[in-house]
Every structure is written in structure tokens, then in C-alpha cells.
Amino acid sequence: MQAEQDYRGGLSAEELVCTLQGLLGTEQRAMQLTCRYLADLADLMESRGGMGGVGSMAGVGGAGGMTSAGGVTGVGGAGSEAHRNGIVLPI
């Protein structure tokens, strides 16, 4: 779906604030869930001693850890199994 299809022009200041609060809340929740699922994937890969069937997954660079605004920690750290396999997605 195109962003323009969801955009509503001509909102009042109060409507803009409410809309922005809703969008930011949705974004934060999505990031928290993303971090939780990435942590689950890292745990699964570590327990299987390798990629755990996701060998075709392309990694994204960066050596840092991953923490969402809500404090949920995902994969990270230079010594983690996910980092050694090139699957580190810094936020």
C-alpha cells in the first residue's frame, strides 16, 4: 500500500498530534517485536550451532548491539553467534 493512500491532508493541530502519537506508538511496538524475534532467531541459531537453516539470509553490517527504544535487547555484540554469522541489524 502506498503511503499517499493513507495520508490525510488538512488535519487540525490536535488531529496531527493524535495521528503522530499513534504512528510513533505503532513504530515503537514494531521495533520491539522485531528485536524480540531477532533475539529468538539468534538463540535458535546458537542452540543449533550455526545458521539453523537460514543460510541464505543476508546480513547487514555493523558491529554494535541492538536495543529498541523500549529497552528490548536483540542480537548484537561482537562475540554473539549472530554477529559471527553476519546477521547484525543495528537500530
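Reading the values: the criteria
Residues numbered from 1 in each chain as written. Predicted model: local features only at pLDDT ≥ 70, side-chain atom pairs only at ≥ 80, totals over all residues. Heavy atoms only, no water. Helix = DSSP H or I, 4+ residues; strand = E, 2+ residues; numbered from the N terminus. Buried < 20%, exposed > 50% of the residue type's maximum accessible area, 1.4 Å probe, protein only. Contact = heavy atoms within 4.5 Å. Patch = residues over 30% accessible without salt bridge, like charges linked within 9 Å, V, L, I, M, F, W, Y side chains within 5 Å. Areas by Shrake-Rupley, 256 points an atom, 1.4 Å probe, with all protein chains shown as cover. Salt bridge = Lys/Arg side-chain N within 4 Å of Asp/Glu carboxyl O. Expected span 1.5 Å × (residues − 1). pLDDT = per-residue confidence, 0-100.

1. Remarks on the overall build of the protein
- A tally of regular secondary structure across the protein gives three helices and zero strands.
- Tracing the protein from N to C terminus, the helices and strands come up as α-α-α.
- The burial tally for the protein puts 21% of its 91 residues in the buried class.
- Look at the contacts in the protein between residues 6 or more apart in sequence, and 59% of them connect residues 24 or more apart.

2. Focus: a nonpolar patch on the surface
- A cluster of nonpolar residues, Leu16, Leu20, Leu23 and Leu24, forms a patch on the protein surface that exposes about 400 Å² of accessible area.
- Within the secondary structure layout, leucine 16 lies in helix α2 (residues 13–47).
- On the basis of relative accessibility, which here comes to 41%, the residue leucine 16 falls in the partly exposed class.

3. Examining α2
- A rise of 1.5 Å per residue sets the reference length of α2, with its 35 residues, at 51 Å; its end C-alpha atoms lie 51 Å apart and thus fit the reference within 8%.
- Listing the buried residues of α2 in full gives Gln32, Cys35, Leu38, Ala39, Leu41, Ala42 and Met45.
- Positioned one or two residues after α2, glycine 49 has a phi angle of 75 degrees, which is positive.

4. Some remarks on the confidence of the model for the protein
- Per-residue confidence for the protein averages 72 on the pLDDT scale, and 48% of its residues sit at or above 70.
- By mean pLDDT, the top-scoring element of the protein is α2 (96), and the lowest-scoring one is helix α3 (residues 81–84) (50).
- Predicted confidence is poor over residues 60–78, with pLDDT under 50, and the contacts of this stretch with residues over four places away or in other chains come to 56 contacts.

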